Amino acid sequence: MSSSQLSTTNISQRITIAYTGAFGVLKHRLKQIFESVESLPDEESEGRAFGVHERLTVKYESEKHISLHWRSDPISDMVSDSVVALVLNIGREIPKVAVESEEATKTEEENNYKAEKVIHALLVSLFGEHGKLVISVDGNVAHLDKQSGNVESENESLKERVRVAFQRIQNAVKPIPLSMS
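What counts, and where the lines are drawn
Residues numbered from 1 in each chain as written. Predicted model: local features only at pLDDT ≥ 70, side-chain atom pairs only at ≥ 80, totals over all residues. Heavy atoms only, no water. Core = buried A, V, L, I, M, F, W, Y, C linked by side-chain atoms within 4.5 Å. Buried < 20%, exposed > 50% of the residue type's maximum accessible area, 1.4 Å probe, protein only. Helix = DSSP H or I, 4+ residues; strand = E, 2+ residues; numbered from the N terminus. Contact = heavy atoms within 4.5 Å. Phe/Tyr/Trp six-rings, centres within 6.5 Å; stacked < 30°, edge-to-face > 60°. Lys NZ or Arg CZ within 6 Å of the ring centre and 35° of its normal.

Structural notes on the nonpolar core
Link 1 in the chain: Formed by 20 residues in total, the largest nonpolar core has its most connected members in Leu-26, Leu-30, Val-52, Val-58, Ile-66, Leu-68 and Val-83.
Link 2 in the chain: Those elements giving two or more residues to this core turn out to be helix H1 (23-33), strand E3 (49-52), strand E4 (56-62), strand E5 (65-71) and helix H2 (74-103).
Link 3 in the chain: It is H2 that provides the largest number of residues to this core, a total of six residues.
Link 4 in the chain: Residues in contact with Val-83, not counting those within four places in the same chain, are Leu-30, Phe-34, Leu-56, Val-58 and Leu-68.
Link 5 in the chain: Listed in part, the six residues of the second largest apolar core include Ala-142, Leu-144, Val-151 and Leu-158.

See the structure below:
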């Protein structure tokens, strides 16, 4: 009977991720998810490092990057994947804050347009989408039946514009299905 010699290897992994947010915010968000998030003494990063479940170290590298360090095993790999996902999601949220602050300075006209969209959505939720749309352009009125696509208007030009626009929208939203051959 022969036996083979097996050897084991410890793999240390490191990933650097672009992150421009506050390091304290990241630590706070991780504490919301993981039970154990502890500050670590680290001379290189001047105390700006912490451990997650004693399996993963998150280090502040610069104003634009953080790095994750861990010894590879299935649990540590899952923890690192979770931290990477959180960092990437925080990164996507940062621009939203800037957009929301810009929206506060938008004109009254843009805010009215948004209000109209909300009102329309609420009316549709209350009364359904089946019915007629009343379209008014420069004092001319057209009635569009959303079910059949029929347009009624005294103004032939508006009638044709609404009919063509509705047909194009329908074609874009509901393209021709591929044949099942």
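Notes on the packing of aromatic side chains
Link 1 in the chain: Within the structure shown, the criterion is met by two aromatic pairs.
Link 2 in the chain: Ring geometry for Phe-23 and Phe-50: centres 5.1 Å apart, planes at 45°, overall tilted. One end of the pair, Phe-23, is in helix H1; the other, Phe-50, is in strand E3, with 27 residues separating them in the sequence. Judged on exposure class, the residue Phe-23 and its partner Phe-50 are both buried.
Link 3 in the chain: Plain terms: the ring middles of Phe-23 and Tyr-60 are 5.6 Å apart, the flat faces sit at 70° to each other, and that makes the pair edge-to-face. Here Tyr-60 lies in strand E4 and Phe-23 lies in helix H1, a separation of 37 residues in the sequence.
Link 4 in the chain: According to the relative accessible area criterion, Phe-23 is buried, its value standing at 7%.
Link 5 in the chain: Judged by its relative accessible area of 22%, Tyr-60 is partly exposed.
Link 6 in the chain: Site record: aromatic cluster; members linked through ring pairs are Phe-23, Phe-50 and Tyr-60.
Link 7 in the chain: Above the ring of Tyr-60, the side-chain terminus of Arg-48 is found at 4.1 Å from the ring centroid.

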